[in-house]
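A look at the structure
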Amino acid sequence: MDKKTQNIVLLCLLSVLAVLGSIMLVYKPQKEEVDALESTNAGLRSRLEELKEKESHKAELEAETEEFKKQFEEELKNYPADLNQETTVMFMKGTEADTKVINNNFSLPEDSVFYVLGEGAQSSSDISTEGSADTAAASGEYTVITEQLNVSYEGTYENLKKYLQYVADYKFRRNISQINIAYNQDEKTCSGTVTMNLYAITGGDRDPEQVNVSVKEGVDNIFTGGNGSSKNVASPLSASNGEKIVSDHELMIMLASADNDSTSGIVVASDEADESTYVTSSENARQDLTISVTTENNKNYVTYQIGDKSYKSEIRSSSLTVYVSSSARVDSDDKNGVNVSVRNSTNLSVYFKVAKDDNSDPRFKLGSTMGNVKVY
């Protein structure tokens, strides 16, 4: 092959390479861009057709949207805009006023986020109990918050049915998730606990309900009582001024002169016929008597103690009833008596019936109390 032929072949190869380079550097990118534009146009054409279809049903869709909005607003009325202690207290006060059932005690827990509109229910790891309602309100999203009330109650069977109906018919949605009922055949009363779930929907432009709190506050002495204190707990025994306790009680306190010949001046017993249950004192001076009510292994117990002497007994009723059989002072040298303190960490109520005590210088004096305590 001569030199001229070689040049021609080389020129042809260079021409082919130039054409291939043009294809790779110019045509291919432009082809890819055209393909991308055609794909985008296809999606836009599909979207345009969809919008045209909706445009043809615009009036119908607007009417449906307005109807759904009305239904949503109507459902919102079943829930308050927030949960706070004031509304909870007034709700619980309403249950007592309308049904005569006594709420011996109930908790005021922190609320937690239950559901966020558009996100769904919250898992346990997502739920926060600290400032959750404030956070939800600040976000502007409709958020369902909830709190759980554990209530200890007491009342007649008929009133308990009214109580449950009151909760079911309340203006805001309430749910009873658990209820325990114990029936006292002698007193014809029911007592137990009920667990209620309260709900609210925050967010949007919802404003919390303004509550007029009409609950008496304060006592003269937080330890010894006064209006509103635990000693003034209402009870089914109130109608008879606690007279039933005289013949039917869990604990008895006998108070007499320290110089009497028959017994010690102070005797506390869970069973008067069994001296092994006695805690006594023969001192001619006031003694500190501590009564502790506790729960262990789902059973309730009372422990009574004077000095280093104590006795523990199981409580088999729905309340602890204590009969105090006292007596008048013999003379000015008659000094004995008891200063009673009650430590009640359970849901049970403690009822005292004091009989025949000295009018001018009572032998029985109730000091500090914890829990539900009533003296007749």
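Residues numbered from 1 in each chain as written. Predicted model: local features only at pLDDT ≥ 70, side-chain atom pairs only at ≥ 80, totals over all residues. Heavy atoms only, no water.

**As for the overall build of the protein**
Filter applied, for reference: Secondary structure follows DSSP: runs of H or I at least 4 residues long count as helices, runs of E at least 2 residues long count as strands, and numbering of each begins at the N terminus. With a 1.4 Å probe rolled over the protein chains alone, any residue whose accessible area is under 20% of its type maximum counts as buried; one over 50% counts as exposed, and the rest are partly exposed. The contact definition used throughout considers only heavy atoms, calling two residues in contact when any of these lie within 4.5 Å.
Scanning the protein from N- to C-terminus turns up 6 helices and 17 strands. Looking at the protein residue by residue over its 376 residues, the buried ones come to 35%. Residue pairs at least 24 apart in sequence account for 71% of intrachain contacts in the protein once pairs closer than 6 positions are excluded.

**Some remarks on the pairing of strand β8 (residues 266-269)**
Selection criterion: For two strands to count as paired, DSSP must find a minimum of two bridges between them.
Side-chain alternation along β8 places I266 and V268 on one buried face and V267 and A269 on a second face that is also buried. Both strand β7 (residues 251-255) and β8 contribute to a ladder of 4 bridges, which runs antiparallel. Residue pairing across strands places M252 opposite A269, the latter belonging to β8. As paired elements, β8 and strand β9 (residues 279-281) share 3 bridges and run antiparallel to each other. When the sheet's bridge partners are listed, V267 is paired in β9 with T280.

**Section: helix α5 (residues 157-169)**
In plain terms, the rule: What a helix is expected to span follows from its residue count: subtract one and scale by 1.5 Å.
Along its 13 residues, α5 runs 18 Å from first to last C-alpha, staying within 8% of the 18 Å computed at 1.5 Å per residue. Buried-residue contacts for α5 involve α3 (85-99), β1 (102-106), β4 (143-155), β5 (174-184) and β6 (189-202).

**So, the side chain of E147**
Which entries qualify depends on this criterion: For this count, His and the chain ends are skipped, Lys and Arg are scored as positive, and Asp and Glu as negative. The term salt bridge refers to a pairing of a side-chain nitrogen on Lys or Arg with a carboxyl oxygen on Asp or Glu at a separation within 4 Å. By the criterion applied in these results, polar contacts are pairs of N or O atoms within 3.5 Å in which, for protein atoms, one can donate a hydrogen and the other can accept it, and in which residues neighboring in sequence qualify only through two side-chain atoms.
Note that E147 resides in strand β4. No salt bridge is formed by the buried E147, whose closest oppositely charged neighbour, R174, lies at an N-O distance of 7.2 Å. Among the polar contacts made by the side chain of E147, one reaches the side chain of T88 at a distance of 3.1 Å. Residues within four places of E147 in sequence aside, it is in contact with L83, T88, P109, E110, D111, M196, N197 and L198.

**A few points about the sheet that holds strand β12 (residues 309-315)**
Convention followed: Each axis is a line fitted through C-alpha atoms, taken for helices only over the stretch in contact, and angles between the N-to-C directions span 0 to 180 degrees.
In space, the 5 strands of this open sheet follow the order β12-β11-β10-β14-β16, with mixed pairing throughout. What marks the edges here is a single partner per strand, and that holds for β12 and β16 (364-370). Taking the axes of each pair of neighbouring strands and ignoring which way they run, one obtains an average angle of 20 degrees across the sheet. Both strand β10 (residues 286-296) and strand β11 (residues 299-306) contribute to a ladder of 8 bridges, which runs antiparallel. Bridged to T295 within β11 is N300.

**A word on the nonpolar core**
Here is a general trend for soluble globular proteins: nonpolar side chains tend to be buried in one another's company. Filter applied, for reference: Residues grouped as a nonpolar core are buried Ala, Val, Leu, Ile, Met, Phe, Trp, Tyr and Cys residues, joined through side-chain atoms within 4.5 Å.
Of all hydrophobic cores here, the largest spans 25 residues; its most connected members are I253, L289, I291, V340 and F352. At the level of secondary structure, the elements contributing two or more residues to this core comprise β7, β8, β10, β11, β13 (320-325), β14 (337-344), β15 (349-355) and β16. Other than its neighbours up to four places away in sequence, I253 contacts V267, V268, L289, I291, V322, Y323, V324, S325 and F352. Counting 19 residues, the second-largest nonpolar core is a separate cluster that includes V101, I145, C190 and L198.

**A word on the sheet that holds β15**
Spatially, β9-β8-β7-β13-β15-β17 is the arrangement adopted by the 6 strands of the open sheet, whose pairing is mixed. Where the open sheet ends on each side, the last strands, each with one partner, are β9 and β17 (372-375). When the angles between neighbouring strand axes are averaged without regard to direction, this sheet yields 10 degrees. Bridging between β7 and β13 involves 4 bridges; their strand directions are parallel. Counted as the bridge partner of I253 is V324 from β13.

**Considerations on unusual backbone geometry**
With a phi close to 70 degrees, K100 is a non-glycine residue in the positive phi region. Among the secondary structure elements, K100 is positioned in the loop between α3 and β1. In this model, K356 sits at a positive phi of 60 degrees, which is unusual for a non-glycine residue. By secondary structure assignment, the location of K356 is in the loop between β15 and β16. What makes K356 exposed here is its relative accessible area of 69%.

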